[in-house]
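# Observations on the model geometry
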Amino acid sequence: MNQDAMKKAVAEAAVEAVKANVLDGDIIGIGTGSTANFFIDLLAEFKDDIRGTVASSEASADRLRSHGIEVLDLNSTGSIAVYVDGADESNHRLELIKGGGAALTREKIVAAAAQKFICIADESKLVDQLGAFPLPIEVIPMARSYVAREIVKLGGNPVYREGVVTDNGNIILDVYDFMIATPMKTEEQINNITGVVCNGLFALRPADLLLLGTPDGVKSLTA
């Protein structure tokens, strides 16, 4: 089973998990990325059973609309029943690194508003310690150099992601050589740097369920 097949398998498992957790008229939060795209395509088959969706990026919103699935503004929806998204890394406590697609801030907002967060990924994303994948940080453009200097003080190697502007009009710093022993503490430290909009650690609000695609099928992990 190749990586795309594993992504499709976990997306199918996520659809079944959503069906078990969502009532008619509920709203589903949708993430961003290749694994989330598989989920969006499958979601189209039961779009009439939900009231609509909240998307974490313009790309996901466009894909949802292409299937005739309504995309709602989070400000008008209130609570979200379940949020489904991928991850760049997950540890065994279901603390995540996200933001490879530069949608981390909106992803974190939708996750915070959701009653349940289902993460879908292939087995390569499960690690013992977060940090092999560079940690993305969304930064106000004028604060780029200042934030980078503060990240160096924390032991990281920040690199400006050239040519990328987030849906919020900001830039991304990717932090390399930064293994993360205490994800919750590190998430707070980075968010407290003036000029940081959000960082890609999902530790204060981790996933509730991780569906992991493997060659032997889908495994379910809970924190």
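Residues numbered from 1 in each chain as written. Predicted model: local features only at pLDDT ≥ 70, side-chain atom pairs only at ≥ 80, totals over all residues. Heavy atoms only, no water.

### A few points about the overall build of the protein
In plain terms, the rule: Put simply, DSSP marks the helices as runs of H or I at least four residues long and the strands as runs of E at least two long, and each gets a number from the N terminus on. Radius of gyration: over C-alpha atoms. The globule rule applied is 2.2 Å multiplied by the number of residues raised to the 0.38 power. Residue burial is assigned from relative accessible area. The probe radius is 1.4 Å, only protein chains are included, and a residue is buried under 20% of its type maximum, exposed over 50%, and partly exposed in between. Contacts: residue pairs with any heavy atoms within 4.5 Å of one another.
Assigned secondary structure in the protein consists of 6 helices and 13 strands. Taking 223 residues into account, the globule formula puts the C-alpha radius of gyration at 17 Å, and the protein, at 17 Å, falls close to it. Each of the three principal axes of the protein carries a C-alpha extent, and together these read 50 × 40 × 30 Å. Every one of the 223 residues in the protein was classed for burial, and the buried ones make up 53%. Excluding contacts between residues fewer than 6 apart, the proportion of contacts in the protein whose partners are at least 24 apart in sequence is 74%.

### Some words on a nonpolar patch on the surface
Quick reminder of the rule: What goes into a patch is any residue over 30% in relative accessible area without a salt bridge, connected to like charges within 9 Å or, for nonpolar side chains (Val, Leu, Ile, Met, Phe, Trp, Tyr), within 5 Å. Exposure was quantified through the Shrake-Rupley algorithm and a 1.4 Å probe, taking into account, for residues, occlusion by the shown protein chains and nothing else. By definition here, a salt bridge exists when the distance from a side-chain nitrogen of Lys or Arg to a carboxyl oxygen of Asp or Glu is within 4 Å.
The grouping of Ile140, Met142 and Val197 at the surface amounts to a nonpolar patch, some 310 Å² of accessible area in total. Inspection of the secondary structure puts Val197 in strand β10 (residues 196-199). Classification of Val197 by relative accessible area gives partly exposed; the value is 35%.

### So, helix α5 (residues 144-153)
Convention followed: By construction, the arc corresponds to the directions joining the helix axis to the C-beta atoms.
Among the residues of α5, Val147, Ala148, Glu150 and Ile151 are the ones counted as buried. Burial along α5 is one-sided: seen end-on, the buried residues are contained in an arc of 165°. Relative to its buried face, α5 has exposed residues pointing more than 90 degrees away, namely Arg149 and Lys153. Against the buried residues of α5 lie β7 (135-139), β8 (157-160), β9 (171-176), α6 (183-191) and β10.

### Details of α6
The set of residues buried in α6 consists of Pro183, Thr186, Glu187 and Ile190. All buried residues of α6 fall inside an arc of 105° around its axis, so they share one side. Against α4 (104-113), β7, α5, β10 and β11 (201-202) lie the buried residues of α6.

### A closer look at the side chain of Glu95
The criterion, for reference: Residues adjacent in sequence count toward polar contacts only when both atoms are side-chain atoms; beyond that, a polar contact is any pair of N or O atoms within 3.5 Å, and within protein one must be able to donate a hydrogen and the other to accept it.
Position of Glu95 among the secondary structure elements: in the loop between β4 (89-90) and β5 (96-97). Within the local environment of Glu95, its side chain forms a polar contact with the side chain of Asn91, the two groups lying 2.7 Å apart. Among the polar contacts listed, one links the side chain of Glu95 to the side chain of Arg93, at a separation of 2.9 Å. Residues contacting Glu95, with those up to four places away along its chain left out, are Glu89, Ser90, Leu130, Pro183, Met184, Phe202, Ala203 and Pro206.

### Concerning the state of the cysteines
The condition is simple: We call a pair of cysteine sulfur atoms a disulfide whenever their separation is within 2.5 Å.
Counted according to the given criterion, the structure contains 0 disulfides. The cysteine Cys119 is free of any disulfide, with Cys198 supplying the nearest cysteine sulfur at 16 Å. Residue classification places Cys119 among the buried positions, given a relative accessible area of 0%.

### A closer look at the packing of aromatic side chains
To be explicit about the condition: Pairing of aromatic side chains requires ring centres within 6.5 Å, counting the rings of Phe and Tyr and the six-membered ring of Trp. Pairs whose planes differ by under 30 degrees are stacked, by over 60 edge-to-face, and all others tilted.
A full pass over the atoms with the stated rule returns 2 aromatic pairs. With a centroid separation of 5.1 Å and 40° between ring planes, the pair formed by Tyr83 and Phe117 is classed as tilted. One end of the pair, Tyr83, is in strand β3 (residues 82-85); the other, Phe117, is in strand β6 (residues 117-122), and 34 residues separate them in sequence. Across the pair, exposure class does not vary: Tyr83 and Phe117 are buried alike. Ring pairs connect the aromatic residues Tyr83, Phe117 and Phe202, which therefore count as one cluster.

### So, the side chain of Thr105
Relative to the helices and strands, Thr105 resides in helix α4. Look at Thr105 and you get buried, because its relative accessible area is 10%. For Thr105, the residues in contact, after removing those within four places along its chain, are Glu138, Asn168, Val197 and Cys198.

### A look at the pattern of salt bridges
For the structure shown, the criterion picks out 12 salt bridges. Residue Arg93 pairs with Glu95 through a salt bridge whose shortest N-O separation is 2.9 Å. Residue classification places Arg93 among the partly exposed residues on the basis of a relative accessible area of 47%. In this structure, the salt-bridge partner of Lys108 is Glu187, at a minimum N-O distance of 2.9 Å. With Lys108 in helix α4 and Glu187 in helix α6, the pair connects residues that are 79 residues apart, well separated along the chain. The pair Lys108 / Glu187 is uniform in exposure class, with both members buried.

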